[in-house]
Every structure is written in C-alpha cells, then in structure tokens.
Amino acid sequence: MLPPGSFLMTTHTLDLLDYRRTTFDLYRTIREAGSSSPEAYATFRATRDALFANHSQSPLSDLQRQAFDGLKYCDYDPAYRVMADVEADVEPVRYDMQLGDDGSFTMVQVAQVSFDLPTGRGQLGVFWIEGYGGGIFVPFRDATNSESTYGGGRYLYDSIKGADLGATCDNMLLDFNYAYHPSCYYNERWVCPLAPPQNKLTFPILAGERLLEE
C-alpha cells in the first residue's frame, strides 16, 4: 500500500518520460541548428516518424501502426517562417476545458503575435497553460482545415511537451512548417485542447503537417 501522495513509477510513466525527453531533445536540436536548416527539418520529420511507428507512447493504435508509412507534410517553404513581435497588452481571456481521463485544462491568453505570410496577414493569441510550471501554448486553425489538414486545427507551440521553437518576452519564432496535428486527429481515444475563436485564421497556411489520408 502506497502512502498518500506517493508516486508509483511504472513502465507506462517511464515510457512517457522517454517520449517527452526525445521531443525536448528534438526541439533543442532545431533551435540550435535553426528551424530553416534542411538538416533540422529532416531530423524533425524522421524523429516524429520513428516515435509514431515504434514508440509505446505513439498517438497511433497498434493497428494503425501496422499500416503507418510516415506522416505527411508540405515541402518546406521559408516564406512561412517569420519572427513576430510579442504584444503583451491583451485581454487575459481564460478557457477551462475538460480532457476526459486527463482531467481539466486551463489556459489564459497572455499575449498575441501578428505576422505577414504569402497567403495573408493574421494574429494569434499566445496562451499560458496554468498548473505547476506552466507553459506556452499556441494552437491555430486556418482555411485548410477539413480539406488538407485536421478540422480541429494544428499546434505551433506546446512547451510543456517540449514543442518550443524559441521565444522571448519580445518576439516569437513562428515557423509554420513545423505545425503539427494534435493527438486527437490520429485516434479518438485522445481528447485535446483546440484553438479558440481568436486563433482561427481566415486564410490557408500552406505549410506543415497534412492529413495522413490525403
């Protein structure tokens, strides 16, 4: 019998730790090399493919992994990589979400970033995930959703899980070539926080991860 508040280290938790360490190491490599580096982008794709295909913490089910032949992406386009100024004078909009077995999830908008891309000019809210340690979270939706990308949108940042391209108090690197789908796209057993209304772009983001079946 474990005492109250104790933590049981299991194979599951060790596997999850390994998955997250791999992700943290991957994004550190990208930051050090520069996200526009062909080698960094190739490493990003190869590492994610390996995690999805082989790791016990893959978002895919065992059956899905048997048929998995790699994630799909647009070709890297440097025009979708921008350094955006962080605007901190925003209304602190708060969202509370229920994530099934993972409990509740609360995020508060702490800033916004504005940017120009080949397909339009937009803004995205930058959110702080409340809880021990906190973290930056930037999800978004765009005009490709339900056509070439997941209807619920994609993620640019989720620093609690290691997805961090680089940010300071003044600016944030937005490289949409690294935009990826949340776990709930791959399998309905996952419940994911999705982009709120202010993070819905009216124009297409023709970069990043695409639908598997496209």
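Values in this document were obtained by computation on a predicted structure and should not be read as measured data. Numbering of residues starts from 1 in each chain and follows the order in which that chain's sequence is written. Note on the predicted model: pLDDT of at least 70 is required for a residue's local features to be given, and 80 or more for side-chain atom pairs to be given and counted; whole-chain, interface and lining totals, by contrast, use all residues. Side-chain numbers come from the whole structure's heavy atoms, not from hydrogens or water.

Draft legend 1. Local environment of the overall build of the protein chain. Elements are defined by DSSP. Helices are runs of H or I of four residues or more, strands are runs of E of two residues or more, and each kind is numbered from the N terminus. Broken down by element type, the protein chain carries four helices and nine strands. For the protein chain, the sequential pattern of α-helices and β-strands runs α-α-α-β-β-β-β-β-β-β-β-α-β. Values of the radius of gyration come from C-alpha atoms, whereas the globule rule sets the reference at 2.2 Å times the count of residues to the power 0.38. The C-alpha atoms of the protein chain give a radius of gyration of 17 Å, which matches the 17 Å a tight globule of 214 residues would have. With the C-alpha coordinates of the protein chain rotated into their principal frame, the extents come out at 55 × 40 × 35 Å.

Draft legend 2. The arrangement of the packing of aromatic side chains in detail. Stacked, edge-to-face and tilted labels apply to pairs of Phe, Tyr and Trp rings (six-membered ring for Trp) whose centres lie within 6.5 Å, assigned for plane angles under 30 degrees, over 60, and everything in between, in that order. All chains considered together, the criterion is met by 16 aromatic pairs. Ring plane angle 65° and centroid distance 4.7 Å describe the contact between F44 and Y178, whose orientation is recorded as edge-to-face. Of the two residues, F44 sits in helix α2 (residues 38-54) while Y178 sits in the loop between β8 (171-175) and α4 (183-186), which places them 134 residues apart along the sequence. Both residues of the pair, F44 and Y178, belong to the buried class. Seen from their ring centres, F52 and F68 are 6.1 Å apart, and the 25° between their planes marks the pair as stacked. Linking F52 in helix α2 with F68 in the loop between α3 (62-67) and β1 (72-73), this pair joins segments that are 16 residues apart in sequence. Like F52, the residue F68 is buried in the burial classification. Linked through ring pairs, Y27, Y41, F44, Y73, Y76 and Y178 together constitute an aromatic cluster. We call a residue buried when its accessible area falls under 20% of the maximum for its residue type, exposed when it is over 50%, and partly exposed in between, using a 1.4 Å probe and counting protein chains only.

Draft legend 3. Up close: unusual backbone geometry. If you check the backbone angles, S146 has positive phi at about 70° while not being a glycine. In this structure, S146 sits in the loop between β6 (135-140) and β7 (154-158). The class for S146 is exposed, based on a relative accessible area of 60%.

Draft legend 4. Up close: the layout of surface pockets. Using a grid of 1 Å spacing that covers the protein atoms alone, one calls a set of points a cavity when a 1.4 Å probe fits there but cannot get out, and a pocket when the set is open and has protein on both sides within 12 Å along at least five of seven lines; lining residues are those with an atom within 4 Å of a point. Grid points are joined across faces, edges and corners, and a volume is the space filled by probe spheres set on the points. Size it by volume and the second largest pocket reaches roughly 150 Å³. Lining the second largest pocket are L60, Q64, A67, F68, D69, G70, K72, Y185, Y186, L212 and E213. Only α3 and α4 provide two or more residues apiece to the lining of the second largest pocket. Gly falls in the polar group here, along with every residue not listed as nonpolar (Ala, Val, Leu, Ile, Met, Phe, Trp, Tyr, Cys, Pro) or charged (Asp, Glu, Lys, Arg). Grouping the amino acids of the lining of the second largest pocket by side-chain chemistry returns six nonpolar, two polar and three charged.

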